[in-house]
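Now for the letters of each chain:
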Amino acid sequence: MIKSWNELPLLVKVCVVLLCVMVLAVVFADFLTPFDPDKTDLMNTTLSPIFMGGSLEHVLGTDELGRDVFSRVLYGARISLGIALFGLLLGCSFGLVLGLTAGYFGGWWDRLSLLFINFQQSIPFILFVLVGLVIFGRSIPVLIVLMGMARWETYAKITRGLVLSLKKKQYVEAAKCYNASPLRILARYIFPGVRTYLIVLITLNFPLILLVETSLSFVGIGVQPPTATLGQMVGTGKNYLVTAPWISVAPAIMIVMVAYCIQHIGEHMRERFDVRLLEK
Amino acid sequence: MYMVKKAFIAVITLFGVLVFIFIFARLTGSPFEIMYPDGMAPGQLEQYNAKYGLDQSYGRQFVLYLKNVLHGDFGDSLNERRPVTQIFFSRAGETLKLGAWALFISVILGITLGVLMAVYQGNILVKAADHAMSALYAVPGFVLAIFLLLIFSYSLRILPSQGGSSPAHYVMPVACLCIGTTGAIPIIRHVRNSILETLSQDYIRTAVAKGIGKKNTILRHAFRNSLIPVLTQISIVMVDILTGSLIIERTFSWPGIGTTLVNSVMNRDFTLVQFSVLMLAAVVILINYLLDILYMVVDPRIEVEGPKT
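**Description of the overall build of chain A**
At step 1: Along its length, chain A carries 11 helices and zero strands.
At step 2: Its helices and strands in sequence order give chain A the pattern α-α-α-α-α-α-α-α-α-α-α, from N to C terminus.
At step 3: Viewed in the frame of its principal axes, chain A has a C-alpha envelope of about 75 × 50 × 30 Å.
At step 4: For chain A, the proportion of its 280 residues judged to be buried stands at 55%.

**Here we look at the interface of chain B and chain A**
At step 1: The interface of chain B with chain A comprises 48 residues on the first partner and 42 residues on the second.
At step 2: At the boundary of chain B with chain A, total buried surface from both sides reaches about 4,000 Å², with 79% on carbon and sulfur atoms.
At step 3: Applying the counting criterion to the chain B and chain A interface returns one salt bridge.
At step 4: A salt bridge links B:Arg189 to A:Glu267; the nearest nitrogen and oxygen atoms lie 3.5 Å apart.
At step 5: For the interface between chain B and chain A, the tally reads four residue pairs in polar contact (both at pLDDT 80 or more).

**Quick word on the nonpolar core**
At step 1: Counting residues in hydrophobic clusters, the biggest one holds 160 residues, and the most contacted among them are A:Leu133, A:Ile190 and A:Leu216.
At step 2: If we skip the residues at most four places from it in the chain, A:Leu133 touches A:Arg138, A:Val142, A:Leu143, A:Leu146, A:Leu216, A:Ile221 and B:Val265.

**Section: the pattern of salt bridges**
Residues and elements named next belong to chain B.
At step 1: Enumeration over the complete set of coordinates arrives at five salt bridges over all chains.
At step 2: A salt bridge links Glu-94 to Lys-97; the shortest N-O distance between them is 3.3 Å. Pair noted here: Glu-94 and Lys-97 are both in helix α5 (residues 84-119), with a separation of three residues, about one helical turn.
At step 3: A relative accessible area of 40% places Lys-97 in the partly exposed class.
At step 4: Between Asp-130 and Arg-192 there is a salt bridge whose closest N-O contact spans 3.3 Å. Residue Asp-130 is found in helix α6 (residues 124-136), and its partner Arg-192 is found in helix α9 (residues 184-199); the two are separated by 62 residues along the sequence.

**Re the packing of aromatic side chains**
At step 1: This structure, assessed with the given rule, holds 14 aromatic pairs over all chains.
At step 2: For the pair A:Phe119 and A:Phe128, a centre-to-centre distance of 6.0 Å together with 40 degrees between the ring planes defines the contact as tilted.
At step 3: The exposure class of A:Phe119 is buried, given its relative accessible area of 18%.
At step 4: Taken together through their ring pairs, the aromatic side chains of A:Phe119, A:Phe128 and B:Phe20 make up a single cluster.

**What to know about the packing of helix α5 (residues 125-136) of chain A against helix α6 (residues 140-148) of chain A**
Residue and element names in this part refer to chain A.
At step 1: Running from N to C, α5 and α6 cross one another at 155 degrees; their axes reach a closest spacing of 10 Å. In this view, α5 runs roughly antiparallel relative to α6, as classed from their interaxial angle. Between α5 and α6 the crossing geometry is right-handed. Contacts between α5 and α6 involve Phe-125, Val-129, Gly-132, Leu-133 and Phe-136 on the former and, on the latter, Val-142, Leu-143, Leu-146 and Met-147.

**Points about the environment of B:Ile151**
Residues and elements named next belong to chain B.
At step 1: Within the secondary structure, Ile-151 sits in helix α7 (residues 141-155).
At step 2: Judged by its relative accessible area of 41%, Ile-151 falls in the partly exposed class.
At step 3: Placed 55 residues apart in sequence, Ile-151 and Thr-206 show a C-alpha to C-alpha distance of 51 Å.
At step 4: Excluding residues within four positions of it along the chain, Ile-151 makes contact with Leu-156 and Arg-157.

How each quantity is defined
Residues numbered from 1 in each chain as written. Chains lettered and ligands numbered in written order. Predicted model: local features only at pLDDT ≥ 70, side-chain atom pairs only at ≥ 80, totals over all residues. Heavy atoms only, no water. Helix = DSSP H or I, 4+ residues; strand = E, 2+ residues; numbered from the N terminus. Buried < 20%, exposed > 50% of the residue type's maximum accessible area, 1.4 Å probe, protein only. Contact = heavy atoms within 4.5 Å. Buried area = accessible area lost by both parts, 1.4 Å probe. Salt bridge = Lys/Arg side-chain N within 4 Å of Asp/Glu carboxyl O. Polar contact = N/O pair within 3.5 Å; in protein donor to acceptor, adjacent residues only side chain to side chain. Core = buried A, V, L, I, M, F, W, Y, C linked by side-chain atoms within 4.5 Å. Phe/Tyr/Trp six-rings, centres within 6.5 Å; stacked < 30°, edge-to-face > 60°. Axes fitted to C-alpha atoms, helices over the stretch in contact; angles between N-to-C directions. Parallel < 35°, antiparallel > 145°, perpendicular 65-115°, else oblique. Left-handed = near helix turned anticlockwise from the far one by under 90°.

What is shown is where atoms sit, not what they do.
Here it is, written out as structure tokens:
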């Protein structure tokens, strides 16, 4: 499935390496920075980052409350990426189960699922997210569930389409003949045919969900302070753009780098596996 | 027949949104508990519930809700204490103006650059532009806004950072909606790809063979035949600009629906959010319906077979 590392285009290699470095830094943030991301230090507010004449102690400077920007970027990315990742998995599982069962069993369940899929396709999910945020309040679990509603229909649609053609294959018929249960058929014989598509789709959807989550936090209706997230750091830093631009520029660059790397890898995978179904 | 069927689907979809909001809202119990999170005097909750029919069965409540909606009664904003319809429509114009400019520029830019990139395919500049586009595609509107603010408002001091009264106020919000994930880039990609795809068709070879030149072939034959997928993409961009402006408006304190909606989510002003979301959903549904009609105008075969995209 994966060709050798050397054959990858240079830009994809760079993206993979960068992404690995960033993910490792986010996961092992505790060992990389001595500072607590939420600890304020009013004696040392808005210190410049190192490349703007700052000290080595605070590599990316400090924010308006003296908190270390570098550690806040890492811890903030942990929350942002976590929400996006869990939301992604939630949406993917929902779409996958719906697509598998709708395609395999057909009948009224299939028609109902199609209705749901078309409904979700015609209404931008951010509208539902806004309603959800008002009703359930703004907390991390709520955000994860709401992000799970993002683009589940893409998984459901593709899975359903693939199942419709896969279930006519001879090996599936054979499995039915020896009385395999639907669960076994779906899991052992049909799912492997869907897997590649799902992986590509997840990779392509990840940056989209990340951007939605960061946008919400940016305008202040995502995760609430004091918990740092990337979007919210950009948002609060916006008030200090004149005196301390690094407060919002540092997390902004982090968002763009993560989104670009994943997106580029996803696009490469789409070409590589020739998944034409996934053309947007 | 085709149009009636599509209209029916549009109405059903809007009804679906209504049902969804109703179920969502009732999941957490009484809306008054949300309105007054600190609690109320004993007996007051029951009193309110009875007044608004919340003590009745869910079926009855839904009928009551539908009846109010059909009468255009969406209630008062919980914060501003005046009808939500009034608030919404007084601000819709600003959002519309912003969105219209963003769409206009995106489409013009998208089609011109898309055609140019198809014509000069393989050129080093086009390749560079391609990389720049995929990089920009990962930049969300608000990040773009931060950088534009830094450059044009705070360093060069030539553009205003907040509000929306003069033409200069439009520049940055429109730019954010046109350049980032929403806007021109998806249109450019689609125009180019679908022209390149049409170029491999037989009738294009015939056109080239009769000697009208590559550029003429692209403009007269390839571009026209690639209109349908491009139309679809433009409608998607329209919806993206609409939802994107929710975030962008707030960034530039644009006095439109986006700012209002974000503020009311913050204040948990349920009635206002409910109405705005309903209206935005209706606009999106309308855009899709108009698109279906446009398909038919562009390609009359569709009425019989349905679009091929």
